[in-house]
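Understanding the architecture of this molecule
Given next are the chains, with one letter for each unit.
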Amino acid sequence: MKPNMPGMKISYNLSGLDGLEDKHDQFIKEMIRLFIKGTSSGMKGMQVAAKEKDWNTVAEHAHKILGPCKHLEVMPLAKTLRSIENTIFDLKKTDGIPELVEQAEEEAKETIKVFEKLISE
Amino acid sequence: MKDKKTVAVWIVEDNEWYNKLLKHTISLNPEYSVRTFFNAHDFLKELEAKPDIVTIDYRLPDMDGIELLAKIKSFDENIKVIVISEQDKIDTAIELLRLGAYDYIVKEKDVRNRLLNTINNAIKEQNLVTRIMALEQEVINKYDLNKTIIGASPAIQTSLKLIEKTLENNITVIVTGETGTGKEVVAKAIHYNSSRKHKNFVAVNVAAIPGELIEAELFGHEKGAFTGANNRRIGKFEEANGGTLFLDEIGELDHSLQAKLLRALQEKEIVRIGSNAPIKFDTRIIAATHRNLKEEVKKGKFREDLYYRLMGFPIELPPLRSRGKDVLILAKHFIDVFCKENKVPLKTLSEEAKAKLLGYHYPGNIRELRSTIELAIVIGDKNEIMANDITFLSDELNPENVSDDLTMREYELKIVETYLKKYNNDIKLIASKLDIGQATIYRMIKEMKEKGTA
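Computed from a predicted structure; not experimentally measured.

This next bit is on the overall build of chain A. Per the secondary structure count, chain A includes four helices and zero strands. The buried share among the 121 residues of chain A stands at 45%. Partitioning the intrachain contacts of chain A with sequence separation of at least 6 by distance along the chain shows that 65% fall at a separation of at least 24. A total accessible area of about 6700 Å² is found for chain A, and carbon and sulfur atoms account for 52% of it.

In structure tokens form, the structure reads like this:
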């Protein structure tokens, strides 16, 4: 699916942040803010590395963003990041990586928009 | 991990989001103090402060998990390291656990619960280890030579000097002496004052185990080796690996098994029943017997080659009757121990009581003295133990038993024979009444049969 195509649906699940502690909402908001910050900077780093064809660094950035994405079940970004990481680290290939990076970039933008809206409510 | 309130949990995680998540999760328990690091370098600089538990990300920017784990373990093996990783690769997890990681947790949705459970288990385990170490130290302290070998007589001081000579090496020791002279106490004292003290001390009373079971007991057996062998079981040699095996009443060992024991001692390996695979062991052997083994060799009852193998370093324990005023030193020791253990006011011995104790011959040696003293403490109403509080076992004997001109050993056999009749051969009860081991009674019955007196 092209990320900027109408119909791209961002899904997530915050139950991984559930807890019994006080100020729980505040904690969730803080974690989402950190997610936005980490994803933004990670994506920037990934784009720079992709331009320089530094695929290892691309995979490192994907790996770093992937952890929180998996924990919050952020789709489809988690799936795309997993593909980037697997293709470079496990399959030792770079075919299609620039396209995947572009796709991840769009998905990250959409995800960040959704999360920004969520914490502003 | 001194107590729950001071459990220091450190987090090494470069991902800011995860770092925050883990810190928040662990900090929910007020008994944990949490510190966080974003790279291995900063963490290692602080390691001197010795955290109790460390969670490390497998893939840090400046070091991978295996290298960091190795550095932590080489600094302090007791620090529990939990590796948290994106990777769910089994071989990586196995390798990390092999290298000493306490657990391997994959960054998945339930990471928080898993981490809290793992930390909780690590603390419980560490508390158990601490407790075991404290108990072990207590046992080691209990068998401190000065607290164990008590007495000032030349006879016991000679034995003490011999015991000291066995502490710095692994020489096979054979302890001989009459019943109740403290052969097992000496064996324990040697073990707990030697470099093997943190390993097992395993005692086997050869006379107490039926002949058909002794081989399995010593060497172990495989599943199905014989009827009733439903599981593999390791033997005492393996159980004592790295430590000390005390073979009490070695003189009672069946002749056919003596050859197998000799082979084990010579080759330093045993073969479990039902197996062909030899198993190496590193076990110090201390044997004990009340018999004169040399005489047993002459009679053909004990193998000469095993005799010489066991006679590495002989220690003869003197009978109490030859130890003069040690009787009073030991009596005072037993009074102290009994009063402390039973939380009763400390008692002393009257001059008449001392004289009575010194005038007795103690066929049951130290064991008999101990029982006599304990009984006197319980019987006496005053803070001072009087002469009439002291009752010797031989005082209770049927006059018919003591009127003959018998040897000390024959009197002992008579006593046991009397008790066998009196208590209808209830060995357990008699052992309790006489305060001697059941094995000793069985051995004496065997001796009576051999002499045709039973």
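Before going further, it helps to examine the interface of chain B and chain A. Across the contact, 17 residues belong to chain B and 25 residues belong to chain A. Between chain B and chain A, roughly 1900 Å² of surface is buried when both sides are summed, and carbon and sulfur atoms account for 56% of that area. Interface area lost by chain B to chain A is led by Trp17(B), Arg59(B) and Lys109(B), which between them contribute 40%. Our enumeration of links across chain B and chain A arrives at five salt bridges. Elements with a minimum of two residues in the side of chain B that touches chain A: helix H1 (16–27) and helix H5 (111–142) of chain B. For the side of chain B that touches chain A, the leading source of residues is H1(B), giving six residues. Across the side of chain B that touches chain A, the residue classes break down as five nonpolar, two polar and 10 charged.

Here we come to the pattern of salt bridges. Any two side chains of opposite charge can pair if their charged atoms end up close together. All names here are of chain B. The final tally for this structure, using the stated rule, is 39 salt bridges over all chains. For the salt bridge of Glu215 with Lys260, the shortest nitrogen-to-oxygen distance reads 2.8 Å. Of the two residues, Glu215 sits in helix H9 (residues 211–219) while Lys260 sits in helix H11 (residues 255–267), which places them 45 residues apart along the sequence. A relative accessible area of 39% means that Lys260 is categorised as partly exposed.

Residues Asp42(B), Asp62(B), Asp64(B) and Glu67(B) make up a contiguous surface patch of negative charge. Along the chain, the position of Glu67(B) falls in helix H3 (residues 65–75).

The next thing to look at is the environment of Lys109(B). Position of Lys109(B) among the secondary structure elements: in the loop between strand E5 (103–106) and H5. Classification of Lys109(B) by relative accessible area gives partly exposed; the value is 28%. What Lys109(B) contacts, discounting residues up to four positions off in sequence, is Asn13(A), Ser15(A), Gly16(A), His71(A) and Glu73(A). A polar contact is formed between the side chain of Lys109(B) and the backbone oxygen of His71(A), at a distance of 3.2 Å.

What follows concerns the nonpolar core. Counting 55 residues, the largest nonpolar core has Leu17(A), Met46(A), Val58(A), Leu81(A), Ile84(A), Trp17(B) and Ile119(B) as its most contacted members. The element best represented in this core is helix H1 (residues 24–51) of chain A, accounting for 11 residues. Aside from chain neighbours lying at most four places away, what touches Leu81(A) is Met46(A), Ala62(A), Ile65(A), Leu66(A), Cys69(A) and Ala104(A).

All names here are of chain B. Interhelical geometry of H1 versus H5 gives an angle of 50° and a closest axis separation of 10 Å. Our classification of the angle between H1 and H5 gives oblique. Like other packed secondary-structure pairs, H1 and H5 cross with a definite hand, here right-handed. On H5, the residues that touch Tyr18, Leu21, Leu22, His24, Thr25 and Ile26 of H1 are Val111, Arg112, Leu115, Leu116 and Ile119. For the contact of H1 with H5, a count of residues per class yields eight nonpolar, two polar and one charged.

With that settled, consider H5(B). Across its 32 residues, H5(B) extends 46 Å between first and last C-alpha, which sits within 8% of the 46 Å expected from 1.5 Å per residue. Taken residue by residue, H5(B) has Val111(B), Arg112(B), Leu115(B), Thr118(B), Ile119(B), Ala122(B), Ile123(B), Gln126(B) and Ile140(B) as its buried positions.

Turning to the packing of aromatic side chains, a few remarks are in order. Within this structure, the stated rule accounts for 15 aromatic pairs over all chains. On the basis of an interplanar angle of 75° and a centroid distance of 5.1 Å, the ring pair of Phe35(A) and Phe115(A) is categorised as edge-to-face. Here Phe115(A) lies in helix H4 (residues 97–120) and Phe35(A) lies in helix H1, a separation of 80 residues in the sequence. Like Phe35(A), the residue Phe115(A) is buried in the burial classification. Pairing Tyr360(B) with Tyr362(B) gives two aromatic rings, centres 4.7 Å apart and planes at 80°, and the pair type is edge-to-face. On the basis of relative accessibility, which here comes to 10%, the residue Tyr360(B) falls in the buried class. Taken together, the ring pairs connect Tyr143(B), Tyr192(B), Phe201(B) and Phe246(B) into an aromatic cluster. Looking at Arg35(B), its charged tip hangs above the ring of Trp10(B), at a distance of 4.8 Å from the centre. Here the guanidinium or amino end of Lys107(B) rests over the ring plane of Tyr18(B), the centre of that ring lying 4.5 Å away.

Residue and element names in this part refer to chain B. The strand order across the open sheet built from five strands is E2-E1-E3-E4-E5, with neighbouring strands paired in parallel fashion. Each end of this open sheet is capped by a strand with a single partner; those strands are strand E2 (32–37) and E5. In this sheet, neighbouring strand axes are inclined to one another by 20° on average, regardless of whether the strands run parallel or antiparallel. Pairing of strand E1 (residues 7–12) with E2 involves six bridges; the strand directions are parallel.

Residue and element names in this part refer to chain B. Where burial is concerned, most of strand E10 (residues 244–248) is hidden: five out of the five residues are buried. Covered by surrounding structure in E10 are Thr244, Phe246 and Asp248 together with Leu245 and Leu247, the residues of both alternating faces. Of the pairings in the sheet, the one linking strand E7 (residues 201–205) to E10 comprises five bridges and is parallel in character. Considered in E10, the bridge of Asn205 is made with Asp248. Where E10 and strand E13 (residues 284–289) come together, four bridges link them in parallel fashion. Its bridge partner being in E13, Thr244 is matched across the sheet by Arg284.

On to H9(B), then. Three or more residues of H9(B) are buried, namely Ile214(B), Ala216(B), Glu217(B), Leu218(B) and Phe219(B). Immediately downstream of H9(B), the backbone of Gly220(B) shows phi near 80°, a positive value.

Calculation rules
- Residues numbered from 1 in each chain as written.
- Chains lettered and ligands numbered in written order.
- Predicted model: local features only at pLDDT ≥ 70, side-chain atom pairs only at ≥ 80, totals over all residues.
- Heavy atoms only, no water.
- Helix = DSSP H or I, 4+ residues; strand = E, 2+ residues; numbered from the N terminus.
- Buried < 20%, exposed > 50% of the residue type's maximum accessible area, 1.4 Å probe, protein only.
- Contact = heavy atoms within 4.5 Å.
- Areas by Shrake-Rupley, 256 points an atom, 1.4 Å probe, with all protein chains shown as cover.
- Buried area = accessible area lost by both parts, 1.4 Å probe.
- Salt bridge = Lys/Arg side-chain N within 4 Å of Asp/Glu carboxyl O.
- Nonpolar A, V, L, I, M, F, W, Y, C, P; charged D, E, K, R; others polar.
- Patch = residues over 30% accessible without salt bridge, like charges linked within 9 Å, V, L, I, M, F, W, Y side chains within 5 Å.
- Lys, Arg positive; Asp, Glu negative; His and termini not counted.
- Charge placed at Lys NZ, Arg CZ, Asp CG, Glu CD.
- Polar contact = N/O pair within 3.5 Å; in protein donor to acceptor, adjacent residues only side chain to side chain.
- Core = buried A, V, L, I, M, F, W, Y, C linked by side-chain atoms within 4.5 Å.
- Axes fitted to C-alpha atoms, helices over the stretch in contact; angles between N-to-C directions.
- Parallel < 35°, antiparallel > 145°, perpendicular 65-115°, else oblique.
- Left-handed = near helix turned anticlockwise from the far one by under 90°.
- Expected span 1.5 Å × (residues − 1).
- Phe/Tyr/Trp six-rings, centres within 6.5 Å; stacked < 30°, edge-to-face > 60°.
- Lys NZ or Arg CZ within 6 Å of the ring centre and 35° of its normal.
- Pairing = 2+ DSSP bridges.

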